[in-house]
Amino acid sequence: MNNAPDLHTLVCNLARYLRDNPEASDSAEGICRWWFADGMVVAADELDKALFWMKQSGLITETVAADGRVRYRRCCSDAQLDAVAATCDRTHAAGTP
């Protein structure tokens with residue numbers, strides 16, 4: 001059985017984290033390590049898909065730091081993140097996994 005979170009779950013978790021931590025900025029490695037609840041295992045390729053979706057949706061931006069590492073941070077309003085989180089709440093309330 002695969003307990004890895006799906007794309008929707010990852011986006012929801014990232015949206016909530018960014019809503020609660022508006023100044024957060026980190027690399028994909030840091031996001032995997034620090035931004036998810038304890039015990040949530042996130043595969044790098046799945047995180048990349050979620051970050052790509054969020055970037056294409058105008059929710060996050062990426063910058064290349066002096067050390068060459070790509071860092072991600074929010075570039076949207078609280079309302080936009082709330083809208084993403086609301087879809088998560090509706091999905092959960094409907095009983096969709």
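Residues numbered from 1 in each chain as written. Predicted model: local features only at pLDDT ≥ 70, side-chain atom pairs only at ≥ 80, totals over all residues. Heavy atoms only, no water.

*Asks:* Give me the packing of helix H1 (residues 7-20) against helix H3 (residues 44-56): which residues, what numbers.
*Replies:* The geometry of H1 relative to H3 is characterised by a closest axis approach of 9 Å and an angle of 60° between their N-to-C directions. Between H1 and H3 lies a crossing of right-handed hand. Residues Leu7, Leu10, Val11, Leu14, Ala15 and Leu18 of H1 form the contact with H3, whose participating residues are Glu46, Leu47, Lys49, Ala50, Leu51, Trp53 and Met54. Residues of the contact of H1 with H3, tallied by class, amount to 11 nonpolar, no polar and 2 charged. (Axes fitted to C-alpha atoms, helices over the stretch in contact; angles between N-to-C directions. Helix = DSSP H or I, 4+ residues; strand = E, 2+ residues; numbered from the N terminus. Left-handed = near helix turned anticlockwise from the far one by under 90°. Contact = heavy atoms within 4.5 Å. Nonpolar A, V, L, I, M, F, W, Y, C, P; charged D, E, K, R; others polar.)

*Asks:* Pulling in residues and values, what's your account of the sheet that holds strand S2 (residues 60-64)?
*Replies:* Overall, antiparallel pairing links the 3 strands, which are arranged S1-S3-S2 in an open sheet. Of all the strands in the sheet, the pair left with one neighbour each is strand S1 (25-26) and S2. When S1 meets strand S3 (residues 70-74), the two strands line up antiparallel, connected through 2 bridges. Across the sheet, residue Asp26 finds its bridge partner in S3, namely Tyr72. (Pairing = 2+ DSSP bridges.)

*Asks:* Explain H3 to me, using residue names and the numbers behind them.
*Replies:* Taking 1.5 Å per residue, 13 residues should reach 18 Å; H3 reaches 18 Å between its end C-alpha atoms and fits that length. Within H3, the full set of buried residues consists of Leu47, Ala50, Leu51 and Met54. End-on, the buried residues of H3 take up no more than an arc of 95°, which puts them together on one face. Every exposed residue of H3 that faces more than 90 degrees away from the buried side is listed here: Phe52 and Gln56. (Expected span 1.5 Å × (residues − 1). Buried < 20%, exposed > 50% of the residue type's maximum accessible area, 1.4 Å probe, protein only. Arc of directions from axis to C-beta.)

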